Every structure is written in structure tokens, then in C-alpha cells.
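Inside the fold
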Amino acid sequence: MGRLSALFDPETVAVVGATDREGAVGRAILENLRDGFAGEVVPINPSREAVLGLECYEDATSAPPIDLAVVVVPPDIVIESMRNLAEAGTENVVVITAGFAETGGEGAQRERQLREIAAEHDLNVVGPNSLGIMATATGMNATFGPEDALEGSISFMSQSGAFITAVLDWANEQGIGFRDVVSLGNKTVLDETDFVREWGDDPETDVIIGYLEDVDDGRGFIDAAREVTDDTPIVLVKSGRTDAGAQAASSHTGAIAGSERAYEAGLEQAGVLRARSVQELFDYARALSGLPEPESDGVAVVTNAGGPGVLTTDAVGDSTLEMADFTDETIDRLGEAMPDEANVYNPIDAIGDADVERFGEALEIALADPNVGSAVVVAAPTAVLSYDDLAETVIEKLEAHDTPVVTCLMGGERARNAEGTLRESGVPNYFDPSRAVSGLDALARYRDIRDRTVERPETFDVDRERAREILARTERRTDNRLGVESMDLLEAYGIPTPEGEIVDDPDRAREVAESIAGDVVMKIVSPDISHKSDIGGVKVGVADEDVYDAYEDVVARARNYQPDATITGVQIQEMLDLESSTETIVGMNRDPQFGPLLLFGLGGIFVEILEDTSVRVAPIDEGEAREMVDEITAAPLLRGARGREPADIEGVVETVQRLSQLVTDFPSILELDINPLVAGPDGVQAIDLRLTVDADELDTEEP
């Protein structure tokens, strides 16, 4: 166990604010502890000599040594209670009391004080605004919830206390057990990353699950989860997926909702399986906590009902799995074992009069097929089929082949006993075939997570000092935006740019154009004009003799379009062969939780229309950069679709990596777009640049 082991395995638990008053939270917590906890329970309340038959103490310093304190006093007394606990040597505290950052300014100040005390005395603090915590191994229910959790191997954290009470009520009915349960509350000190690390070190936790509204330190969470998921799967429900949901989350437990795209990318990179609902959360958890990993994605379906078999097949098609392609030997064996009316191809339909023996024989043959990585047994109730006996047969076949099998014993009360038998052996039963397949899909996806490797990001030889000088230009400007006049920022980080220069008079424009071979491209340079081509601010294929007039024209168009715009000049740039190239975009937006969110996709004028993009949280390694390129729908264009000469994919991948290094080196860069990054057979070239810089942050960065 890790540094929080005493939080879940204390010998003495104190309730600060214990009372015997009916309906009080302090009474509910004390009763829950008194009735189940294997250790000593210590009430603390200066107004009582005894509470519920237990000796009561005036404060923590007068009580016996306390391993864990549960604080449930009014908000204005919490800080004093925390100091008293620290003085008494208590290291682990759960603050139930609400009235902190979630309530406004005064509460936020109180929360800052709590954080300072915890830092000063190195306290492990859960909450405030928490339902409490549970540890079933010792019978510890240090919550004011109405239900005790059943004992199991799933550890569960939630940012909503109400979610925990509802889940426990449902889980107890379903026979689902837990190891540890934590209501995170406001996460003032301990957050989701701390518990991921703790449970990752706990050999008795098979699966970590959670409900989150935000992640405090996205990068720290990714790093911790990547390490933990080598051995322990993590499944999360993250609320706030829609704009409306995110807005609601921002006022709940003081959460600040980050962009959904960042969470999607961050959780994926962390190796977290993201569930879309509570039902899916537990469907995943049940499979992950009791079944072996599948060796392949091929699924065999064994059923006595054609319709449910087709539904199961559809569900496999909707997942990352595939229907197993049986070998000829398997088909021959099934043909010999099954009635003539049966279907011996996948899905195996043993027909309606199938008994347990026929089901077992079909499952045995299917699991022996080398193309089968997992199986689903789908059964409709009949007079000749005993679900209880079928459950025993499924367990026997699973153990013999060490291949994951899930069941879908359709029906109600008839399936209850069999479901309990299966559960005891770690086999989940689902009423809906699609949920059964979802459980197997989670197993396969977790297998892939364990198999993937993440390398240290490559560090390129760059001119960091030059880059900093360019970013510092914002300190001398009225706004914090930079544009193509700062293309040398890209050059400092080894990102290729076309030959050219920004000029501020037409004569110089002609001189620069004459120094560049062939016709040129001319663009208005203004931090106030984003879509230059829409206003006629871009001219392509301008001959040397036409440069003077073209200069005057693009400046005039810009002034007519936006008279108050700052005109820096006109960019004269080498013209590239776009016919054989693809315009892409490489960019970054700094997310409040996860930090730099890299973007790659189809660029040019189509980026906002088609939105064909992929994202990752920086820093990334070469493999992740390559995945970003491969993921977009337009990837075949880069690889030479329909006779096109392939683009320099390696150059694109390296550019994404170099941008990752740039935005990681300089947290002051808030937004950055290279659009387009032209990718052709002979390499890549960054044509246009826009970025936003936080000058105050830049001042704090090392040169």
C-alpha cells in the first residue's frame, strides 16, 4: 500500500462533532462506525461526556491517538478543529462539512486556510464537502450514507456524494462489492490522482472506477494513470460532456470544466476506459474484475434463440471486436455435435430445445477454436434448460480454457440463482446482449492499453533563446497576439518555412520578389485580420513586374475592410506547388486542466468546415504524433490516394513533435495555429502562423 494506507486501515477513528441528536450527520457517521468498524471509535464534542454509549472527549489533544478523524462541525469551526488535530498528531482527516469554495468568496477563503494547514502539517485531507469514505476490509463506514458497501475488489471514487449513495443502493441489490469508497468533495488536498496512485499500489484492488466532474491536474493524472494501468484497469464516468453539462458542472463542488476534447484525449492517453453511463461503468468493471484477458478480438456466440443471437452479432459489429471466423475443423465438430437444424457457423444457434449438455458441447468446441478470444452465451428460458446447471457448465468451460466468457441469461427471477453462482466465479451476467458484448469489449481494450508503449518525447536541438526573444515581442505590443511576422519562431524550433520576408513598402516588395525564384505569394500582415483570403488580402502567383501594384491593392483592401486594423506590412513568400501537396493544420490550445492540447488535421480553408482533426495532450512521443496523422479521415490524401504522390509523412510527424516541444517549453503560449502546413512529396512547409502569448507567464519562464 502507499502513503494513504492508514486512511483506509486505521485502528482508531474519531468523529469530530459527534452527537446523539436525531437526524444529525454527526450521529449518522458515529452510528455507521459503531455498528461495523473493527477498530476503536472516538467521539469528540466539548458539550458531551458520552455519545451513543461511547466516552466523548473535549478535543483531539485530550483523546487517545487518532489515526483518522472525520470532521463534521460547522464551517466556522473547521479550521480550529484542523489545527487541534494537527497538534494531536493526526495525519488523516475527512472533512464532511460543506460551506467552502462551492459557496463563494468567504468559503473559498476558508478553503485556502484549510489547504495551508494541511500543507504546513503534511495532512492527508479528503474533502471538504464530502460524504466520507469506506473501507470494507475493516467494516469502516465513515460516511453519513444509509448503506454499507458489500466487500469486493473494486475501489470507487466520486466527486458527488449523492452519486455514491445511489450507486451503493443499486450495487447491494446487484451483489456488487467494493474495497474502498471515497467521496472526493472539493478535492482541496487529495484528488483523483492521489487515489489512483494509492489503489494502483493496492494488490487487493482489481479495478478502479470513478465519477468525475473535472480533473485538477491533467498532466499529473495522465502520468499516474499510465503507470497504474499497467496492472490495474481504470474506468471513469466523466460528466459535463455537453456544453450544457459542462456549465452545470462548473457550479458543483467548485469544479471548473475543461474542454471536452481535452478530456477525451487526456483520458485516452492515460489509458482510462471512459464509460458513457453508470450502467456501462459497472458493466466494464464486472468484466475487468473477474475475467482473464482475451488473446484475440474474435468472439464466439452460443445461443438457443435466433433473434438474441442476431442482436449479439450486431453488438459485436458496433464494438472494437469481431465475430470469430471458425476453422473448418470447428465447423465439422459442431456439425457432428449439433442437430441438423442448428446453425454451426458463428453465431452458433443450438436451437430452442437445447439442453445444458448441448450448450456445454457447443461452448467447448467454440473455445477450442484458435480464432476465438472470448465468448458470449445467450440463453432464452425454456422448459428443457436449467439456468442453474448452465451456470455451472459455463464456469467449468471458462476455467478449462482460461478464455473470458460472459452470459446473457434472459429472464427475471428464473435467472437469479444462476446469476449469483456466476458472480461468485467472476462471470458477469447481463440481461441485454449488447451489454454482455460491452463487457468483453472493455477487456479487449484494456489488453490493448497494457500492450502499448509510450516512449520519452524526443528532444530536438532548438534555439530556445531565440524563440523567447520572439515571444517577448508581445511585451511591446498593445495586444498579446503574434502572426506571420514571427515565422522565425518556427525556424528556431526547426519547423521549415518558405523563403520570404515581410516588407512595409512596395519597392522593397519588388526587391524581395526578384530575389525569389519564380512567382510569389503576397499576404497582408495584420494581427487584427484572421481570414485574409476572404477580404482579398492574399494574392497567389504574382509575377515580379506585378508586385508593386499587388502590394498597393492588398493594403487598400485591408484598410477598406477594417480601417482601424494594425497593418504590419505585406508578406512576400516563395510560391509552393499546392497541386501535388495537401494543406494541413498543426495547432495548440492550452486547456485549463490538461495544459497544451495539440491538434492536427486537414487545413487551409476547410479546417473549420470539415473539422477533420485529431488531438493529444503534449508532450507526446513519435508514436503518438504518428497516431495523430493516421487518425484523420483525410490521411489517405497524405499517403498518396488515387495516384497522388505520397506526402512526406515523416516530415509531418516531426513537425508535430517539434510543436509539442515548443508549447511544452513555453507555457506562455496560450494558442498557436500553423495553417496551412503544406505537406508535399519533397517535405513540409509552414505557410502561416498565428499565436497568443501570456506576457506575464513569459516573464516567469527561464531563458
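A quick note: this is a predicted structure, and the numbers were derived from the prediction, not measured.

With 97% of its residues at a pLDDT of 70 or more, the chain has an overall mean of 92. Per-residue pLDDT stays below 50 along residues 244–258; that stretch engages in 26 contacts with residues further than four places along the chain or on separate chains.

With that settled, the discussion passes to the pairing of strand β2 (residues 40–44). Of all the 5 residues making up β2, 4 are buried; the element is thus mostly covered by neighbouring parts of the structure. Looking at chain direction, strand β1 (residues 12–16) and β2 are connected through 5 bridges and run parallel. Residue Thr12 lies in a different strand from β2, and its bridge partner there is Glu40. Handedness of the β-α-β unit built from β1, helix α2 (residues 25–36) and β2 comes out right-handed.

Another point: unusual backbone geometry. Between Gly127 and the following residue, Pro128, the backbone shows a cis peptide bond with an omega angle of 0 degrees. By secondary structure assignment, the location of Pro128 is in the loop between β7 (124–126) and β8 (132–135). At the junction of Asn675 and Pro676, the peptide bond is cis and its omega measures out at 5 degrees in the coordinates. With respect to the helices, strands and loops of the structure, Pro676 is situated in strand β28 (residues 669–680). Positive phi, normally seen in glycine, also occurs at Asp402, with a value near 50 degrees. Along the chain, the position of Asp402 falls in the loop between α14 (387–401) and β19 (405–409). The class for Asp402 is exposed, based on a relative accessible area of 55%.

Following the criterion strictly, the structure yields 11 aromatic pairs and no others. Relative to Phe195, the ring of Phe8 has its centre 6.1 Å away and its plane inclined at 70 degrees; by these criteria the two rings are edge-to-face. Within this pair, whereas Phe8 is found in helix α1 (residues 5–8), its partner Phe195 is found in helix α6 (residues 192–200), the two being separated by 187 residues in sequence. The pair formed by Phe8 and Phe195 is uniform in burial state, with each residue classed as buried.

Turning our attention to empty space enclosed by the protein. Applying the stated criterion across every chain yields a total of 1 cavity of 30 Å³ or more. In this structure, the largest cavity occupies an estimated 40 Å³ of space. If you trace the largest cavity, you find it lined by Gln174, Arg286, Glu419 and Arg423. Taken together, the residues of the lining of the largest cavity sort by class into no nonpolar, 1 polar and 3 charged.

Along helix α22 (residues 622–631), the residues classified as buried are Glu624, Ala625, Met628 and Val629. Each buried residue of α22 lies within a common arc of 145 degrees when the element is viewed along its axis, so the set occupies one face. On its buried face, α22 is in contact with α7 (218–228), α9 (260–270), β26 (595–602), β27 (613–617), α23 (635–638) and α24 (649–665).

The full count for this structure, using the stated rule, is 45 salt bridges. Across the pair Asp488 and Arg473 runs a salt bridge whose closest N-O atoms are separated by 3.3 Å. On the criterion of sequence distance, the pair formed by Asp488 in helix α18 (residues 488–492) and Arg473 in the loop between α17 (464–471) and β20 (481–482) is long-range, its members being 15 residues apart. The partner of Arg508 in a salt bridge is Glu501, and the shortest N-O contact between them spans 3.0 Å. By relative accessible area, which is 32% here, Glu501 ends up partly exposed. Ionic contacts of the salt-bridge type, sharing partners, join the residues Lys187, Glu192, Asp214 and Asp216 into one network.

Rules used throughout
Residues numbered from 1 in each chain as written. Predicted model: local features only at pLDDT ≥ 70, side-chain atom pairs only at ≥ 80, totals over all residues. Heavy atoms only, no water. pLDDT = per-residue confidence, 0-100. Contact = heavy atoms within 4.5 Å. Buried < 20%, exposed > 50% of the residue type's maximum accessible area, 1.4 Å probe, protein only. Helix = DSSP H or I, 4+ residues; strand = E, 2+ residues; numbered from the N terminus. Pairing = 2+ DSSP bridges. Right-handed = clockwise from strand over helix to strand, strands pointing away. Phe/Tyr/Trp six-rings, centres within 6.5 Å; stacked < 30°, edge-to-face > 60°. 1 Å grid on protein atoms, 1.4 Å probe; cavity = no way out; pocket = protein on both sides within 12 Å on 5 of 7 lines; lining within 4 Å. Points joined across faces, edges and corners; volume = space filled by probe spheres on them. Nonpolar A, V, L, I, M, F, W, Y, C, P; charged D, E, K, R; others polar. Arc of directions from axis to C-beta. Salt bridge = Lys/Arg side-chain N within 4 Å of Asp/Glu carboxyl O.

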